[in-house]
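# Examining the three-dimensional arrangement
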Amino acid sequence: MLLGACGYDKLEIGPEENDGDRTLPNLRIGDLRGFYKGKPLRVNRNIVVAGYVTATDRSRNFYRTFLIEDETGAVEIRAGLYDLHNIYHEGQRVVVRAEGLTLGADREVMQLGLAAPAGSSWQTGYFGHRLVMDRYISRDSVIRAPDPLPVGLSGLSCDLCGRLVRIENLTADTPGESWGGGLSSVGTPQTGYRCFRDAAGDSIYVETSGYASFADHAVPGGELSVTGILFRGKRFGNDCYMLKFREENDVETSRD
């Protein structure tokens, strides 16, 4: 009787789809890129975006940030908190009320956070406290497993940066080396960069934090499929596309 009175049958939704924060966005995430003109921008109007969490800090390859995306694009949330994977679960719907926040970018990935402190090299600052984040960001109980966008190396573009993509039929230049970059002379874990190529010779680098849980594991050989967050960085002084894994199992042996 209660379900009938609430009109679930009439609306063709179930109660599990109507709990948590079901706020409707008024802007697609991909449209944020159109507002960005190369400099940090304070959002001064009512903008609400919503997306599903695609990457967190669970494997320590991402540091105090997480990413969300919808069908049009992605944005990195500059949380500034540790153990974010215990708060924002992979696949969870997240609503961001962006008014008062700063929109910036890093390596072609759109970012939302507070204003960066004076002298910072970042365009956006960390939230830094859960109470501050909760003013702008809310979680929904709806969970949807992230679905990577299949794409080839020739189809990469800056508009895809920040999104979870899957690229198949690649081989590593240096199989057997570790994902991470080893230790510096003072014992600090270093970021590793491993190059992968397709049959046409086009390449992409996989960037792995020296603090990632799999940093000292070996890069596999053979034909591989890789899934990760796309961005555009520099390697040997040249701009190139790069991927960052969520977990070690984001690299798989290709199947016939």
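Throughout what follows, the structure given in this document is the object of discussion.

Procedures and definitions
Residues numbered from 1 in each chain as written. Predicted model: local features only at pLDDT ≥ 70, side-chain atom pairs only at ≥ 80, totals over all residues. Heavy atoms only, no water. Helix = DSSP H or I, 4+ residues; strand = E, 2+ residues; numbered from the N terminus. Rg over C-alpha atoms; globule rule 2.2 N^0.38 Å. Buried < 20%, exposed > 50% of the residue type's maximum accessible area, 1.4 Å probe, protein only. Core = buried A, V, L, I, M, F, W, Y, C linked by side-chain atoms within 4.5 Å. Contact = heavy atoms within 4.5 Å. Lys, Arg positive; Asp, Glu negative; His and termini not counted. Salt bridge = Lys/Arg side-chain N within 4 Å of Asp/Glu carboxyl O. Phe/Tyr/Trp six-rings, centres within 6.5 Å; stacked < 30°, edge-to-face > 60°. Lys NZ or Arg CZ within 6 Å of the ring centre and 35° of its normal.

When its secondary structure is counted, the protein chain shows four helices and 16 strands. Rg of the C-alpha trace for the protein chain: 20 Å, near the compact-globule value of 18 Å for 256 residues, within the 12% margin. C-alpha atoms of the protein chain, sized along the principal axes, occupy 60 × 50 × 35 Å. Counting over 256 residues, the protein chain shows a buried share of 47%.

Grouped burial of nonpolar side chains is what soluble globular proteins tend to show. Among the nonpolar cores identified, the biggest contains 35 residues, and L156, I167, W179, F196, I204, L230 and L243 are the most heavily contacted of them. Non-local contacts of L230, meaning those with residues more than four positions away in its chain, are made with V109, L156, S157, L160, C161, G162, R163, V165, I204, Y241, M242 and L243. L32, V49, L103 and V132 belong to the second largest nonpolar core, which has 30 residues in total.

For the rest of this paragraph, the subject is the side chain of R64. One can find R64 in the loop between strand 2 (48-55) and strand 3 (66-69). No salt bridge is formed by the buried R64; its nearest oppositely charged neighbour, D57, is found at 8.3 Å. Setting aside chain neighbours within four positions, we find R64 in contact with I77, R78, A79, G80, L81, Y82, L84 and Y126.

Structurally, G192 is set in strand 12 (residues 192-197). Look at G192 and you get buried, because its relative accessible area is 1%. Through-space distance from the C-alpha of G192 to that of G181 is 3.8 Å; in sequence the pair is 11 residues apart.

This brings us to the packing of aromatic side chains. Geometry of an aromatic ring pair is reported as the spacing of the ring centres plus the angle between the planes. In this structure the tally under the stated criterion is five aromatic pairs. Ring centres of Y63 and Y82 lie 6.2 Å apart, and the angle between their planes is 70°; this geometry places the pair in the edge-to-face category. In this pair, Y63 is assigned in the loop between strand 2 and strand 3 and Y82 in the loop between strand 4 (74-77) and strand 5 (92-97), connecting sequence segments 19 residues apart. Taken together, the ring pairs connect W179, F196 and F245 into an aromatic cluster. In this arrangement the basic side chain of K244 is found over the ring face of F62, its NZ or CZ atom lying 5.3 Å from the centre.

Mapping V48 onto the fold places it in strand 2. Separated by 49 residues in sequence, V48 and R97 place their C-alpha atoms 4.6 Å apart. In this structure, V48 is in contact with T23, L24, P25, N26, L27, V95, V96 and R97, ignoring residues within four places of it in sequence.

By the element assignment, S203 lies in strand 13 (residues 203-208). Overall, the relative accessible area of 35% leaves S203 in the partly exposed class. Taking the C-alpha atoms as reference, S203 lies 8.7 Å from L170; in sequence the two are 33 residues apart. Sequence-distant contacts of S203, defined by excluding residues within four places in its chain, comprise L153, C195, F196 and R197.

Our next topic: the pattern of salt bridges. All told, the structure shown has 18 salt bridges when counted by the stated rule. Ionic pairing is found between E108 and R33, a salt bridge with its closest N-O pair at 3.7 Å. Residue E108 is located in the loop between strand 6 (102-106) and strand 7 (109-115), and its partner R33 is located in helix 3 (residues 32-35); the two are separated by 75 residues in the primary sequence. Under the relative-accessibility criterion, R33 is labelled buried at 19%. E177 is the salt-bridge partner of R194, the closest N and O atoms lying 3.6 Å from each other. Placement of R194 in strand 12 and of E177 in the loop between strand 11 (164-172) and strand 12 is noted, with a sequence separation of 17 residues between them. The class for R194 is buried, based on a relative accessible area of 13%.

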